[in-house]
Structures are given as structure tokens and as C-alpha cells.
Amino acid sequence: WLNMQSLPASRSKSNAKFPCTDSSWPFLHQWRSLTSSKSILHDVYQKQLRDDQPYTLSGIFGDAVVLPPSMLPWLLAQPEHRLSARWAQLDALNTPLTFLRADIGVNPVHEPLVRRNLMAHLDGIAGLLHEEVALALDDLWAGNSEEAWREVNLDYTIRRVVARASNRIFVGLPLCRGNDYIENCISYSTRVSSCGLLISSLPRCLKGTLGVVFTAPIRLAYSRCSNHLLPVFKALLGGEAPASPHLFSSWLVENSAKLSEDSPERTPDYLSRRIMALNFAAIHTSTLTTINLLLDIFSSQSAPASPQSSVPSPSPSQDAAAATEAVVRLLRDEALTSRARWATNNRDGKVRDEVWSRARLNQMPRLDSALRESMRLWGLVPKALSRKVMPMPQGQGQGVLLPDGRGHLPPGTVVCLSGWGLHHDEALYTRPFEFVWDRFVGGGSSSESAGGEEGEAKPETEARAAAETDRQFAAWGIGKHACPGRFFAVDLIKIIAGKVLADYEVKLGKQRPENIWIECNVAPPPSATLLVRRRKDPV
Ligand code: HEM
């Protein structure tokens, strides 16, 4: 623990001597990386396919050594105490500072509950997620009128839908609908990311003092959220509120009872901070992924993946709007078929009750494929699988040797792979820069040389569900540290997108707005809007 703390906190400087990803002067490539990471990450991957060498990537927010794709199996085999995923994540956003209590990030007791309890309850919570999504979307998109078209800001509205639905499972009713709580959850999760990045750009000597100033907005957001969370946990701990099988706050309290009497993890304050760490993991990531998916679907113009596909190819004479309409129709048909199969209707044919379950969500292969394809195209971590070289106990050597003597990495070095390069590798994905929505439905020619997680050969037409990880798809990470919340996130995003497809008419301007890059972070533009109108008679 002491060893870990004594490592340079964030803004890693690579002492390893590898060629730079960019031939300009060292100072210049830090600045160039701020706006040009997309081409830098693409070029370095292409170079590595030829020379199989590591490269140093310099950036304002820290340096990293980009390993060639051939080293992926070696990287995955390294134990956490040598190459640490956790410390790479903690450093990247300075979470020991930005989570306000170092041990919330360093000792993530909420993580096993995501792996175990959240996974085990996915079936039971799908209906709750749907109920919250439906209400939140109607509040934010439909307003009082079903007649008029409305222009909605995607970032503003989807962030609130995601925050409300996630908190339906994290803390339950009525808090998940409390305006002050939700606004401050959003503020907290946004500020942990932005302040974390800002602190990363500071010289080490200024982090302590300026860190306190920069984290002030996070303190404020936490303090406001804790006004709501502390009473919830006091009631759960005191037995005044019943435990619930589908509530993360209940699982946290149950778990804390197994810890020693004097553990701070048993206090309402720590339990509240755990909920905020979950909000941080869930809100920003799921919001951006949903927005990318909606923008991709409602601007889709690509030919289908397979010539046998049921989607008509846009011909030169067919206008873009007709091509998009054809894709939307197929996805909407799937959403409506699913509703028809899982709903009970009133006598007048209107839906009375809908069953939501994993079985239902698993029967939406078109939407699954579109989501996976959107994540392939825009994966939120273009610098994938970041790992930090940890110091070894005395006598066991310092640092890590790369395979085949291709270099030595001193402690503190951060390594990664070019996830962007991997996802846009023409040998793995035909038409790599296009949104081919049905690429993973099966029957497509998506990943010709695709292998599974264990490297086994996969047939060309293999369908891939959005939450699956494999060695050609790094959007969730790969291997034992792959995102444990991905099944929950995929269910939520499919529920939101399915609802939009079934119940709303949507128009997007002529072109999909360009995503923005800030160093190795890529996101849809916060100003992106859609024109929406609630369908009068969705079915
Ligand atoms: C679309 C939404 C999401 C995306 C794109 C995403 C992506 C990721 C990625 C790329 C990693 C790092 C993997 C690595 O280093 O190899 C990660 C880790 C993690 N994610 Fe997610 N995530 C999402 C949603 C969630 C949600 C909803 C939760 C919790 C409910 C969650 C909890 C976690 C945790 C606890 C880790 C750390 C795992 C570890 O280090 O072993 N994520 N996520």
C-alpha cells in the first residue's frame, strides 16, 4: 500500500526510451496530441502492424507507451501487482483526490457488488429501468404536447434519463426522481472527470494545493447529494427502511455488515460515497454511448454488411434520408415486434402491461449489433487497456521486461494499446470508418479474422452481442478487468434506444455532427440536438 502511494500520482512521465508517435519536437507533440490524437493513434497502430515496436505517446495529461497489437496476449497475462489496471485508472483521473477520500477508489468495495449482485439481478431490474426510462423520456422529450416537434439537446436530456434510471437501481424511489439529487449526481460525475483531467495537466508540485481548489465543485456536489443519501442509509442501517432485493444501497448495507465493527465502510458517509463512485462509473459513460448510438442510427447511410441483408442499399440515386429511413424502419420493427411479443393489451389494443426481462433484451439482435457497431466506431477509450508498471518488492528487480527483449519499462510507466487503431483496422473490419449497423447481426462480413476471447477462430458470420468482449473489441476493456457494469449498461442503453425507436419520430439534420477529441478522449458534441415528436399511436 505504501509502495503504491509512493508512486508518482498521475501525469506519468515515461522514462522508457521508445521512438515517439510523432516526429515533431517533444513540447510540440504534447500540444499536437490535444487535438490530433485520432490520427496519432491511427498512424501508430499502422506503423506497429509493420514494425511491431512500442512507441511513446506524449500528452498534456500524461505520457504512455503504446504497445503493438501483437503484445495483447502478453499484456492480458500480466498480474495486477506488476501491471495495474486500477492504478492506471486512479491516476488518469486523479481519483484519490477527486473522489475526496482516497480509499473510495483505492479500495473499491462496491466493485464486487457490481460483478456479483448487479449481474445476478439483471432480470429483475429490467422492468424498473424501463419504467424510469419511459417516465424520464416523456418528461424531457414529450412535454405536454404530442402534436408538436421539439428540438431537444441530447446531452442534457439523455444524461438525465440515464441518471434517473441508474439511480432507480442504486437508491430507488423516490430519490431517483428528486431533482436536486439528480442534478448534483450529474454535476459530481461530470466534475470528477473534468477536474481529474485538469489536475493531470498540472506539474506535480502544484497538485496538492491547486487540487484542493479544483476539487471544490466536487465537494459541493457531494455535500448536496449527501443531504439526500445520508438519511437513506441511516434508515437502512437502523432497520427503519426495508431491505430490497433490487437495490444497490441495500446490497451495500448487507455487505458492510460483514466488515469489522469499526470499519468506516459501515457509516452512512462512506456508503453514500460508494453510491457516488457508482454514479461516476455509470452516468458519463452510458450517456455518451447512448448519444453516439442515437446519432449513428438517425444518420445511418451505409450499405448493409452483407449483400443478402434485408436492408436496401442506398444507390447513388437514392437520397440519404431514404437510406436512413430504411435502417430506422428495420430497427423500429424489431422494437415493435418485441413489444407485441411481451406486452398484454387492453380491449382497445393499447398496451396495458409490458414484461421486461433479459430474455426480451437478448431477443433484439439488430439493436445489439447497432450498439456494438457504434461502440466500435467511437469507443470511449481510444487509448485502451491502460496499465501502470508497479514497483516490485526488494530483490525482485524493478520494472517490467517486454517480451523478446523489446525493452524495459520502469515503475510508474503507463502502457496501453491503440484501441482506436484496433477498431479501425481494415483487416479486421471492412469499411472501418462507416457505421455498418448490422455488422454484428450475423450474415455480415464484419470481422473476417475475428477470434474469440481465447483466440479461437470465429466464423465470418458470427453474431456478437454488444456486451461481449473479444480481442478485436476493446470498448469495454478485455480480459479480467473488462468493465463489470457492461451488462447493466447495455440493458439500459437498449431500453432507451428501443423506447425512442418505438415511441418517437426523430429527425436529425443532414449530417451527423462530428465527435470532438480532447487528447485521447472522444465524445459527441455537447450541443448536438434532435427534432423529436411523440408518436400518437406507437403501434
Ligand atoms: C456504456 C457504459 C460504460 C462503458 C463504455 C464502460 C467502459 C469501461 C472501461 C473501458 C473500463 C476499463 C477496462 C480496462 O481497464 O480494461 C471500465 C471499468 C469499469 N467499469 Fe465500466 N463502462 C460503462 C458502464 C459502467 C457501469 C454502468 C458501471 C457500474 C454499474 C461500471 C463499472 C466499472 C468498474 C467498477 C470498472 C473497473 C473494473 C476493473 O478495474 O476491474 N461501468 N468500464
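Residues numbered from 1 in each chain as written. Predicted model: local features only at pLDDT ≥ 70, side-chain atom pairs only at ≥ 80, totals over all residues. Heavy atoms only, no water.

A. The arrangement of the overall build of the protein in detail. The helix and strand inventory of the protein stands at 19 helices and 14 strands. Here the protein, with 539 residues, has 55% of them falling under the buried criterion. Across the protein, contacts joining residues at least 24 apart in sequence account for 72% of those joining residues at least 6 apart. Total accessible area computed for the protein in this model is approximately 22700 Å², and 56% of it derives from carbon and sulfur atoms. (Helix = DSSP H or I, 4+ residues; strand = E, 2+ residues; numbered from the N terminus. Buried < 20%, exposed > 50% of the residue type's maximum accessible area, 1.4 Å probe, protein only. Contact = heavy atoms within 4.5 Å. Areas by Shrake-Rupley, 256 points an atom, 1.4 Å probe, with all protein chains shown as cover.)

B. Seen up close, the packing of helix H10 (residues 179-200) against helix H11 (residues 204-214). Relative to each other, H10 and H11 sit at 160°, their axes nearing to 10 Å. In this view, H10 runs roughly antiparallel relative to H11, as classed from their interaxial angle. In the crossing of H10 with H11, the sense of the turn from one axis to the other is right-handed. Side by side, H10 and H11 meet where Cys195, Leu198, Ile199 and Ser200 of the first sit next to Lys207, Gly211 and Phe214 of the second. (Axes fitted to C-alpha atoms, helices over the stretch in contact; angles between N-to-C directions. Parallel < 35°, antiparallel > 145°, perpendicular 65-115°, else oblique. Left-handed = near helix turned anticlockwise from the far one by under 90°.)

C. Examining helix H9 (residues 154-170) more closely. The end-to-end C-alpha distance of H9, which contains 17 residues, comes to 23 Å, matching closely the 24 Å that a straight helix rising 1.5 Å per residue would cover. Most of H9 sits out of view: 16 of its 17 residues are buried. Sitting at the head of H9, Asn153 places a side-chain oxygen 3.0 Å from the backbone nitrogen of Asp155. Following H9 by one or two positions, Gly172 has its phi on the positive side, about 80°. (Expected span 1.5 Å × (residues − 1). Polar contact = N/O pair within 3.5 Å; in protein donor to acceptor, adjacent residues only side chain to side chain.)

D. Focus on the site of the ligand. Neighbouring residues of the ligand: 23 residues in total, closest Glu111, Arg115, Arg387, His481 and Cys483. Put simply, the parts of the chain that give the shell around the ligand at least two residues each are helix H7 (110-120), helix H14 (268-297), strand E7 (383-389) and helix H19 (486-503). Residues belonging to the shell around the ligand are distributed by class as follows: 13 nonpolar, 7 polar and 3 charged. (Near = heavy atom within 4 Å. Nonpolar A, V, L, I, M, F, W, Y, C, P; charged D, E, K, R; others polar.)

E. Fine view of the sheet that holds strand E14 (residues 529-534). Spatially, the 3 strands line up as an open sheet ordered E4-E14-E11, and their pairing is antiparallel. Whereas interior strands pair on both sides, the edge strands pair on one side only; in this sheet they are strand E4 (150-153) and strand E11 (504-507). Neighbour-to-neighbour, the strand axes of the sheet open up by a mean angle of 40°, direction not taken into account. Bridge count between E4 and E14: 4 bridges; the pairing is antiparallel. Of the residues in E14, the one forming a bridge with Arg150 is Val532. (Pairing = 2+ DSSP bridges.)

F. Seen up close, the coordination of the iron atom of the ligand. The protein gives the iron atom of the ligand a lone donor atom, Cys483 (SG), placed 2.3 Å from the metal. Topologically, Cys483 is positioned in the loop between helix H18 (419-423) and H19. (Donors = N, O, S within 2.8 Å, 3.2 Å for Na, K, Ca; no water.)

G. Structural detail: unusual backbone geometry. The peptide bond linking Leu173 to Pro174 adopts the cis configuration, its omega dihedral lying at 0°. Looking at the secondary structure, you find Pro174 in the loop between H9 and H10. The backbone of Asp52 shows a phi angle near 60°, a positive value even though the residue is not glycine. Tracing the sequence through the fold places Asp52 in the loop between helix H2 (26-51) and strand E1 (55-57). Here Asp52 falls in the partly exposed class, since its relative accessible area comes to 27%. One non-glycine residue, Arg431, lies in the positive phi region at around 45°. Along the polypeptide, Arg431 turns up in the loop between H18 and H19.

H. Looking closely at the packing of helix H8 (residues 122-142) against H9. Where H8 contacts H9, the two axes come as close as 9 Å, and the packing angle between them is 150°. Here H8 is positioned roughly antiparallel relative to H9, judged by the angle of their axes. The crossing of H8 and H9 is right-handed. On the side of H8, the interface is formed by Ile125, Leu128, Leu129, Glu131, Glu132, Val133, Leu135, Ala136, Leu137, Asp139, Leu140 and Trp141, while H9 contributes Leu154, Tyr156, Thr157, Ile158, Arg160, Val161, Arg164, Ala165, Arg168 and Ile169. Of the residues in the contact of H8 with H9, the class split is 15 nonpolar, 1 polar and 6 charged.

I. Local environment of the packing of aromatic side chains. All told, the structure shown has 8 aromatic pairs when counted by the stated rule. Here Phe170 and Phe248 contribute two aromatic rings whose centre-to-centre distance is 6.1 Å and whose plane-to-plane angle is 80°, an arrangement assigned as edge-to-face. Highlighted residues: Phe170 in helix H9 and Phe248 in helix H13 (residues 248-256), separated in sequence by 78 residues. Neither residue differs from the other here; Phe170 and Phe248 are each classed as buried. (Phe/Tyr/Trp six-rings, centres within 6.5 Å; stacked < 30°, edge-to-face > 60°.)

J. Region of interest: the pairing of strand E10 (residues 414-418). Of all 5 residues making up E10, 5 are buried, and the element is well covered by its neighbours. Burial along E10 is two-sided: Val414, Cys416 and Ser418 and Val415 and Leu417, pointing in opposite directions, are all buried. Here strand E2 (residues 64-67) pairs with E10 via 3 bridges, running parallel. Bridge pairing in E10 links Val66 to Cys416. Where E7 lies against E10, 4 bridges are found, and the strand directions are antiparallel. Across the sheet, residue Ala384 finds its bridge partner in E10, namely Leu417.

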